[in-house]
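Residue strings, one per chain:
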Amino acid sequence: MTACPKLNQLDMSSCKALEYVLLQSQSLTELDLSNCKNLKKALIHCPKLQKLTMTDCETLETLMMWSDEMTKLDLTGASSIRELELHCPALIDTNIPSLKAADRPSRPSHPPISHMLRDGYKLEARRELEEKENEQKIEGDSGIPKVFRPLT
């Protein structure tokens, strides 16, 4: 939007094919993205934006917003939001639904990797020791490997 330096208002409501918004404008003061049924992510950097309306954006998961003058934000009906990052120091009038908690990864059923590695090294060292002992038993009672013994 930097190509439209005098644009103050933008209405993109009911854009059914709109999935992502990346918007940067130095002049925009009002933005309407209501009823964008497939909108998933919006990244908006508009320092002069005062009002953002995104009602009924049911699939919106991420909104990141930067505006020094934003005073009104309406996200009514945006029930899928998981990530909301607002850098709007003047924001006073909001309608934000409760955020969904991010899915927490389940705890692993195995011990920590450090324990597995430690135990693996112990097991490997034990195997190597047993192999050396077996080689010595096969080669005879002397501690000298068969290769280095003098011919008899």
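For every chain, the first residue of the written sequence is number 1, and numbering continues from 1 onward in sequence order. Selection of residues for local features in this predicted model requires a pLDDT of at least 70, selection of side-chain atom pairs for listing and counting requires 80 or more, and totals for whole chains, interfaces and linings are taken over all residues. Water and hydrogen atoms play no part in the side-chain values, which are based on all heavy atoms of the structure.

Student: Can you break down the environment of Y20 residue by residue, with the values?
Tutor: Secondary structure follows DSSP: runs of H or I at least 4 residues long count as helices, runs of E at least 2 residues long count as strands, and numbering of each begins at the N terminus. Turning to its location among the elements, Y20 is positioned in strand β2 (residues 20-24). Relative accessibility decides the category of a residue: with a 1.4 Å probe and only protein chains considered, values under 20% of the type maximum give buried, values over 50% give exposed, and everything between is partly exposed. Y20 gets classed as exposed once you look at its relative accessible area, which sits at 52%. Spatially, the C-alpha atom of Y20 lies 8.2 Å from that of L43, the residues being 23 residues apart in sequence. The contacts of Y20, once residues within four sequence positions are left out, are L39, K40 and K41. Contacts are assigned to residue pairs that have any heavy atoms within 4.5 Å of one another.

Student: Describe the environment of S13, naming the residues involved and giving the relevant values.
Tutor: Looking at the secondary structure, you find S13 in the loop between β1 (9-11) and β2. Taking C-alpha positions, S13 is 9.1 Å from L31, a pair spaced 18 residues apart along the chain. For S13, the contacting residues outside a window of four places in its chain are D32, L33, S34 and C36. In the analysis that follows, any N or O atom pair within 3.5 Å is treated as a polar contact, provided that within protein one partner can donate a hydrogen and the other can accept it, and provided that, for residues neighboring in sequence, both atoms belong to side chains. Within the structure, the side chain of S13 is placed 2.6 Å from the side chain of D11, a separation counted as a polar contact.

Student: Describe the nonpolar core, naming the residues involved and giving the relevant values.
Tutor: For our purposes a nonpolar core is just a set of buried Ala, Val, Leu, Ile, Met, Phe, Trp, Tyr and Cys residues, chained together by side-chain atoms within 4.5 Å. Formed by 25 residues in total, the largest nonpolar core has its most connected members in L31, L33, L39, I44, L49, L52 and M54. Mapped onto this core, the elements with two or more residues apiece are β2, β4 (41-45) and β6 (62-66).

Bear in mind that shape data such as this cannot, by itself, settle questions of function.
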